[in-house]
Amino acid sequence: GSEETVREIDALVVGTGMGGVMALHTLTADAGLDAIAIDKAPKVGGTWYWNRYPGALSDTQSFMYQLPYDRELFQRTDWRTRYVPGPEIRRYVEDAVDFWDLRSRIQLETTLVSAAFDEESAHWHVATDKGEFRARFLITAAGLLSRINIPDFPGIDRFEGRIVHTADWPEDLDITGLRIGVIGNGSTGIQFMTEAAKTVAHLTSFQRTAQYTVPAGNREWSEVELEQFKATCEDRWEEFRTSKIGFGIDETTRSIWSVSEEEREAIFEWAWRKGGNYTFANETFCDVTSDRAANELAADFIKRKIKETVKDPETARKLTPTELFARRPICDSGYFEIFNQPNVTLVSTRENPIEEFVPRGVVTADGTLHEFDVLVLATGFDAVEGSYRNMDIRGIGGRTLREHWADAPRSHMGMTVSGFPNLFMVLGPNGPFVNNPSAIGVQAKWIAQAVKSVKDTPGASIWLREEAEENWLQTCLDALKGSLFLETGSWIFGNNIPGKRKARTANFYVGGLDRFIAISEAEAAQGYPSYEVRVPSAV
Ligand code: NA7
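K.L.:
Any chance you could explain the overall build of the chain here in plain terms?
P.N.:
Helix and strand counts for the chain stand at 16 helices and 22 strands. The globule rule puts the C-alpha radius of gyration for 539 residues at 24 Å, and the 24 Å found for the chain is close to it. In terms of principal-axis extent, the alpha carbons of the chain reach across some 75 × 55 × 45 Å. The burial tally for the chain puts 57% of its 539 residues in the buried class.

This is the structure in structure tokens:
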């Protein structure tokens, strides 16, 4: 576009999920910037806008699944259940936008085409499909799980029914009374199938890897509980500073080896009844996620529950995981139970692979034709840096972020990248693996503070030192040492997609929210030693 059509602003935010909205708020309210946020979606909400599949539910307890640090926003949010369904979270993000008076700063249905840092003027030139921006600061809040993963299945184009991915669920699709095939039984597939089994004519799950899942224990909060959450919201945010994962549970220090077999069983049973994935993994014993033998005892407890729940022994066997209990923990609202229903079939594709798609469905190796009207792909995401894969972002010397991350993504604290001055990410690669709204709150505050430290110096830009990026990667790798989570295949380490990683990386910092906060605060308090502020000599 011509010079006149370039809009001059202080900061451009990409994305209007929880991360983008919180960043837009801190940049305007804390740092006093003129900021705009864009999103390709027609509505705000990010992850919760796209994931409209039946059964979509947060698995973080509602008093923690909120943007932190604003008492008034917290007080006006009336979440009545322990976990919040997708539509309510969408409404919450909309409400935050209005409450913080950000509506006029948001430009929807606008896709980032390219962003390039101009060294001379120390500005980002951003092209979108709806016009150009010139901004000193670029903040990307692209989400951890936004680029859809659609694996290649032989003959899938020949299928004549509808194919939908759970993270791009069509508004007009009603699956009531239909025959549904589902590929994928991660957190999403399990939520979807449990809900869909209530109304569909038939559901066939094509399962590759059996998963450990525990009851979610969703329920209505009592009035007393609700009042308590509201009265103590500041304590919760203060709790981040001493919490490893920020999920609002009692992160126990009790070892599994400190109790008798009987007590152990009783504690697992208590967690099973209370419900919650992090309750089962982190509120029972401190060593379930780190000590192989402890992990096996937890896994064994879940395996026995599957056997008790699922009536057909063959189906129960196929539903029973064989690997460690060390993927991203999952919880459900009656998943194993659906396999007792006559309208639900399980196919283990390890034992009976999908041969090919045909116009009416799928043929498996045993020769069976499984007919269905809709194929639901709950096959997850090209996670973390995958969200950036389509973005043409160029830093110093025209080097793209894609090039910089060709072997593996790297950053400092999941927020900044060397060679990309004045670029900040919310939930970028190598950020903390914790409750996301907590991490978003911490990072958005930190970014606004960093930006504020240079904004009154004309032409100043913040450069991450290369060695700081190296050191942070090492910090992340060190924190991962001995982690059982490295031994299972999942998006957490990018090994859900064949060939995604060329070099060893961490993807996340698993050293704890407490240490992440301490490190990031020290960085700011010491005057940003990992950064260099450059001011053009001509200014
Ligand atoms: P996940 O957890 O990545 O799950 C994806 C599922 O899709 C999982 O069961 C995969 O099986 C399956 N999958 C993926 N590719 C294939 C192929 N090629 N063939 C067969 N099956 C496949 O994604 P979700 O959306 O469920 O959850 C993502 C996060 O959202 C979750 O962790 C929460 O943080 C919220 P596999 O296990 O790899 O054998």
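K.L.:
Where do I start with the pairing of strand β2 (residues 35-38) in this structure?
P.N.:
Moving residue by residue along a regular strand, the side chains alternate between the two faces of the sheet. Both faces of β2 are covered, namely the face carrying Ala 35 and Ala 37 and the face carrying Ile 36 and Ile 38. One ladder, built from four bridges, connects strand β1 (residues 6-14) with β2; its direction is parallel. Bridge pairing links Ala 11 to Ala 35 in β2. Each parallel crossover has a hand, and for β1 linked through helix α1 (residues 18-29) to β2 it is right-handed. The pairing of β2 with strand β3 (residues 106-107) spans two bridges and is parallel. Across the sheet, Ala 37 pairs through a bridge with Ile 106, a residue of β3.

K.L.:
Explain the site of the ligand here, please?
P.N.:
Near the ligand there are 18 residues, and of these Thr 188, Arg 208, Thr 209, Arg 327 and Trp 491 occur at the shortest range. Within the backbone of Ser 187, a nitrogen or oxygen atom sits 3.1 Å from an oxygen atom of the ligand. Between the ligand and the protein, one listed contact pairs an oxygen atom with a side-chain N or O atom of Arg 328 at 2.8 Å. Here the ligand has 770 Å² of accessible area as a free molecule, and 84% of this is covered by the chains. Here the shell around the ligand is composed, by residue class, of seven nonpolar, eight polar and three charged.

K.L.:
What am I meant to see in the pattern of salt bridges here?
P.N.:
Any two side chains of opposite charge can pair, on the condition that their charged atoms come close. Counting across every chain of the model gives 38 salt bridges. A salt bridge links Lys 244 to Asp 514, with the shortest nitrogen-to-oxygen separation between them at 2.9 Å. With a gap of 270 residues between them, Lys 244 in the loop between α7 (233-239) and α8 (261-274) and Asp 514 in helix α16 (residues 513-525) connect regions that are remote in the sequence. For Lys 244, a relative accessible area of 38% gives the class partly exposed. Here Arg 317 and Glu 351 are joined by a salt bridge, their closest N and O atoms 3.0 Å apart. Remark: Glu 351 occurs in the loop between β12 (344-348) and β13 (354-358) and Arg 317 occurs in helix α11 (residues 313-319); sequence separation between them is 34 residues. Among the ionic contacts, a cluster of salt bridges with common partners joins Asp 78, Arg 80, Glu 223 and Lys 230.

K.L.:
Teacher, can you tell me more about the packing of aromatic side chains here?
P.N.:
Given two aromatic rings, their pairing is described by the distance between the two centres and the angle made by the two planes. Within the structure shown, the criterion is met by 36 aromatic pairs. Ring centres 6.0 Å apart and planes at 85° place the aromatic pair Trp 48 and Tyr 65 in the edge-to-face group. Here Tyr 65 lies in the loop between α2 (47-50) and α3 (71-76) and Trp 48 lies in helix α2, a separation of 17 residues in the sequence. By the burial criterion, Trp 48 is buried, and Tyr 65 matches it. Measuring from centroid to centroid gives 5.5 Å for Phe 268 and Phe 301, while their planes differ by 35°, and the two rings are tilted. Taken together, the residues Phe 268 in helix α8 and Phe 301 in helix α10 (residues 292-309) connect sequence positions 33 residues apart. With respect to class, Phe 268 is no different from Phe 301; both count as buried. Three or more aromatic residues joined by ring pairs make a cluster, and in this case those are Tyr 212, Phe 268, Trp 272, Phe 280, Phe 285, Phe 301 and Phe 325.

K.L.:
Got a minute to help me understand the sheet that holds β13 in this structure?
P.N.:
Sheets are built from strands that pair by backbone hydrogen bonding, the pairs being arranged parallel or antiparallel. Pairing in this open sheet of three strands is antiparallel, and the strands run β13-β14-β15 from one edge to the other. Since the sheet does not close on itself, it has two edges, and those belong to β13 and β15 (369-371), each with one partner. Direction aside, the axes of adjacent strands within the sheet are offset by 25° on average. Here β13 runs beside strand β14 (residues 361-364); their pairing, made up of four bridges, is antiparallel. Each bridged residue has a counterpart across the sheet, and for Glu 356 the counterpart in β14 is Val 363.

K.L.:
Which parts of the structure should I look at to understand the sheet that holds strand β9 (residues 202-207)?
P.N.:
Strand order in the open sheet formed by five strands is β7-β16-β8-β9-β12, and the pairing between neighbours is parallel. The two strands at the open ends of the sheet, each matched to only one other strand, are β7 (162-165) and β12. Pairwise comparison of adjacent strand axes, ignoring direction, gives a mean angle of 20° for this sheet. Relative to β9, strand β8 (residues 179-183) runs parallel, the two sharing five bridges. Counterpart to Ile 180 in the pairing with β9 is Leu 203.

K.L.:
Honestly, the packing of helix α14 (residues 436-455) against α16 in this entry has me stumped. Any pointers?
P.N.:
To characterise two packed helices, one gives the angle between the axes of the helices and the distance between these axes. Between α14 and α16, whose axes approach to 11 Å, the crossing angle comes to 5°. Viewed along their axes, α14 and α16 adopt a mutual orientation that is roughly parallel. Contact with α14, carried on its side by Ser 438, Val 442, Gln 443, Trp 446 and Gln 449, involves Leu 513, Phe 516, Ile 517, Ser 520, Glu 523 and Ala 524 of α16 and no other residues of that element. When grouped by side-chain class, the residues that make up the contact of α14 with α16 number six nonpolar, four polar and one charged.

K.L.:
Just to check I follow, could you spell out unusual backbone geometry for this structure?
P.N.:
Residues other than glycine predominantly adopt negative phi, and peptide bonds predominantly adopt the trans conformation. Notably, Met 413 is not glycine yet its phi reads approximately 60°, a positive angle. As for its position among the elements, Met 413 is in the loop between α13 (401-404) and β18 (423-425). Even without being glycine, Tyr 528 reaches a positive phi, approximately 60°. With respect to the helices, strands and loops of the structure, Tyr 528 is situated in the loop between α16 and β22 (531-534).

K.L.:
I keep staring at the nonpolar core and nothing clicks. Help me out?
P.N.:
Residues Ile 139, Phe 192, Phe 280, Phe 325, Phe 424 and Trp 446 are the most contacted members of the largest nonpolar core, which totals 134 residues. Sort the elements by how many residues they give to this core and α14 lands first, with 10 residues. Excluding its chain neighbours within four sequence positions, the residues that come into contact with Phe 280 are Val 214, Phe 268, Ala 271, Trp 272, Ala 298, Phe 301, Ile 302 and Phe 325. If you look at the next biggest cluster of nonpolar residues, it comprises 24 residues, including Ile 38, Phe 133, Leu 423 and Met 425.

Calculation notes
Residues numbered from 1 in each chain as written. Predicted model: local features only at pLDDT ≥ 70, side-chain atom pairs only at ≥ 80, totals over all residues. Heavy atoms only, no water. Helix = DSSP H or I, 4+ residues; strand = E, 2+ residues; numbered from the N terminus. Rg over C-alpha atoms; globule rule 2.2 N^0.38 Å. Buried < 20%, exposed > 50% of the residue type's maximum accessible area, 1.4 Å probe, protein only. Pairing = 2+ DSSP bridges. Right-handed = clockwise from strand over helix to strand, strands pointing away. Near = heavy atom within 4 Å. Polar contact = N/O pair within 3.5 Å; in protein donor to acceptor, adjacent residues only side chain to side chain. Areas by Shrake-Rupley, 256 points an atom, 1.4 Å probe, with all protein chains shown as cover. Nonpolar A, V, L, I, M, F, W, Y, C, P; charged D, E, K, R; others polar. Salt bridge = Lys/Arg side-chain N within 4 Å of Asp/Glu carboxyl O. Phe/Tyr/Trp six-rings, centres within 6.5 Å; stacked < 30°, edge-to-face > 60°. Axes fitted to C-alpha atoms, helices over the stretch in contact; angles between N-to-C directions. Parallel < 35°, antiparallel > 145°, perpendicular 65-115°, else oblique. Contact = heavy atoms within 4.5 Å. Core = buried A, V, L, I, M, F, W, Y, C linked by side-chain atoms within 4.5 Å.

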